[in-house]
Amino acid sequence: MSDLKNEKAIAENFLKEMLEADDTGNYELFIQHYEEKDLVDFSMERFQNDIKHMQARNGMNLGYEYFGALQGYREGDHDGCFRFVWKGLYEKREALIVIGIHRKDDTWYINESSIR
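These notes cover the structure that comes with them. In this text the structure is predicted, and so the values were computed from the model without any measurement. (Residues numbered from 1 in each chain as written. Predicted model: local features only at pLDDT ≥ 70, side-chain atom pairs only at ≥ 80, totals over all residues. Heavy atoms only, no water.)

**A closer look at the overall build of the protein chain**
Line of reasoning, step 1. The secondary structure content of the protein chain amounts to 3 helices and 4 strands.
Line of reasoning, step 2. Taken from N to C terminus, the helices and strands of the protein chain fall in the order α-α-α-β-β-β-β.
Line of reasoning, step 3. For the protein chain, the C-alpha atoms occupy an extent of roughly 35 × 30 × 20 Å along the three principal directions.
Line of reasoning, step 4. Put simply, the protein chain has 116 residues, and 42% of those count as buried.
Line of reasoning, step 5. Looking at the protein chain alone, contacts between residues at least 24 apart form 51% of all its contacts between residues at least 6 apart.
Line of reasoning, step 6. As displayed, the protein chain has an accessible area near 6700 Å², and 47% of this comes from carbon and sulfur atoms. (Helix = DSSP H or I, 4+ residues; strand = E, 2+ residues; numbered from the N terminus. Buried < 20%, exposed > 50% of the residue type's maximum accessible area, 1.4 Å probe, protein only. Contact = heavy atoms within 4.5 Å. Areas by Shrake-Rupley, 256 points an atom, 1.4 Å probe, with all protein chains shown as cover.)

So, in structure tokens, the structure goes:
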């Protein structure tokens, strides 16, 4: 397996933007790297509700530490995906942060994001 440096850099940039979106409640920033078809049923209201509950449970994000990656899995109808995992450091607890990405027509997209 390659070292995935380029893919990791892309995913980490997406992670930084998404953490900023979480902290500021910026829906447009949060969804900017998703394909439209992956945003079905993910409205601004759902985003705001998710952020409210996440911040109550975790507090604000203080940073993150890289754990590792998985290459070549299938996510929905996306082939050749990469999944990157970080330990999220929050005010109230630590959590796993997962960002999944794939490339389509020379553009990188997010196909998975979660904080567990």
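**A few points about the pattern of salt bridges**
Line of reasoning, step 1. A complete count under the given rule lists 7 salt bridges for this structure.
Line of reasoning, step 2. Note that Glu 35 is salt-bridged to Lys 104, the shortest N-O span being 2.9 Å. In this pair, Glu 35 sits in the loop between α2 (27–31) and α3 (44–58) while Lys 104 sits in strand β3 (residues 94–104), placing the two residues 69 residues apart along the sequence.
Line of reasoning, step 3. Lys 87 is the partner of Glu 94 in a salt bridge, and the nearest nitrogen-oxygen pair spans 3.8 Å.
Line of reasoning, step 4. With a relative accessible area of 19%, Lys 87 lands in the buried category.
Line of reasoning, step 5. Through salt bridges that share partners, Glu 65, Lys 87 and Glu 94 make up one connected network. (Salt bridge = Lys/Arg side-chain N within 4 Å of Asp/Glu carboxyl O.)

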